[in-house]
Amino acid sequence: MKHAILRFSAAIAALAAAGSALAQDQEFISNPRAMVSNFDAVNLGPVLTELGIVWQERRTSDGMPFIAASIGGSMNFNIVPLACLGPDQKSGCVGANIITVYTGGRANPQSVSAFNQKYVFTSAGVFSDNSGAYLSRYEIADYGIPKGNIASSIGSYFALAQRFRDEIAAKTVSADGFVDDMSASVLNVRSAEAVGIDASVKGDGTLVALHQANLEATPELIRKLVASENAPKNKITNLTE
């Protein structure tokens, strides 16, 4: 396990330094072209374990399942399986939102906005009360996904998550806009529900529509994870006052 963590961390360090794709060197995972059928914990878990990532399946207070994970003890993150096609709507999940939550310090909105513009691989946001921030990435496995792709994506995400943690602590001029405010679509749904109308996003039944609906619901996912004692979080260290 320790050897796997060291190899994976070395690959991540190389990626951060050179900006190259981990897919170019996949020696840290066996049989990288082997297909993983979906993001159910039973399928994703063994890949995380092989990468040396410590993980545990947990649930929020309302029963939403997710994976709480940690890389080398230096970064905690959550993986929420979504777009679930199983009869119970909790299995056969072909979408996954990787979310890292940062609390316990001020996150500058302008720094977050600049990060979003620079790194399109991820999406970041600030809580409206300035108590923290989050970083996320939505993954898709409609027709399966190679093990190597999962490893590459997590490696890239980990490098950016560390960079994000450093950049949001920097003191710059604040800017407007807070993404933990509900998106317009979610607000519309809640307003309709208040008067007894079901206005949830149904789409046209395609996987594209299903993924889009889950992407739009990201602010609500963040709220659930922030409120959940089971979801791991990271401390923000402000470099300047």
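Calculation criteria
- Residues numbered from 1 in each chain as written.
- Predicted model: local features only at pLDDT ≥ 70, side-chain atom pairs only at ≥ 80, totals over all residues.
- Heavy atoms only, no water.
- Helix = DSSP H or I, 4+ residues; strand = E, 2+ residues; numbered from the N terminus.
- Buried < 20%, exposed > 50% of the residue type's maximum accessible area, 1.4 Å probe, protein only.
- Areas by Shrake-Rupley, 256 points an atom, 1.4 Å probe, with all protein chains shown as cover.
- 1 Å grid on protein atoms, 1.4 Å probe; cavity = no way out; pocket = protein on both sides within 12 Å on 5 of 7 lines; lining within 4 Å.
- Points joined across faces, edges and corners; volume = space filled by probe spheres on them.
- Nonpolar A, V, L, I, M, F, W, Y, C, P; charged D, E, K, R; others polar.
- Core = buried A, V, L, I, M, F, W, Y, C linked by side-chain atoms within 4.5 Å.
- pLDDT = per-residue confidence, 0-100.
- Contact = heavy atoms within 4.5 Å.

1. Observations regarding the overall build of the protein
Along the protein, the regular secondary structure elements total seven helices and nine strands. When burial is assessed residue by residue, the protein has 47% of its 241 residues classed as buried. Here the protein has roughly 11900 Å² of accessible surface; of this, 54% comes from carbon and sulfur atoms.

2. Some words on empty space enclosed by the protein
Tallied over the full model, the rule gives one cavity of 30 Å³ or more. What the largest cavity holds in volume is close to 80 Å³. In this structure, the largest cavity is lined by Phe 39, Leu 44, Ile 79, Ala 96, Ile 98, Glu 139, Ile 145, Asn 149, Ile 150, Ser 153 and Ile 154. Put simply, the parts of the chain that give the lining of the largest cavity at least two residues each are strand S5 (93-103) and helix H4 (147-167). Here the lining of the largest cavity is built from residues that sort into eight nonpolar, two polar and one charged.

3. Section: the nonpolar core
In terms of nonpolar packing, the biggest core is built from 40 residues, with Ile 53, Ile 79, Tyr 102, Leu 135, Ile 150, Phe 164 and Ile 168 touching the most fellow members. Sorting the residues of this core by element identifies helix H2 (41-50), strand S3 (65-71), strand S4 (75-84), S5, helix H3 (109-118), strand S6 (123-126), strand S7 (132-140) and H4 as the ones contributing at least two each. Ranked by residue count, the leading element in this core is H4, at eight residues.

4. Things to note about the confidence of the model for the protein
Summing up the model confidence of the protein, the mean pLDDT is 79 and the portion of residues at 70 or higher is 71%. Confidence, expressed as mean pLDDT per element, reaches its minimum in the protein at helix H1 (residues 2-18) with 50 and its maximum at strand S1 (residues 35-36) with 98. Note that pLDDT drops below 50 for residues 13-26; the model gives that stretch 20 contacts with residues more than four away or on any other chain. Confidence drops under pLDDT 50 across residues 173-177; counting only partners more than four residues distant or on other chains, this segment forms eight contacts.

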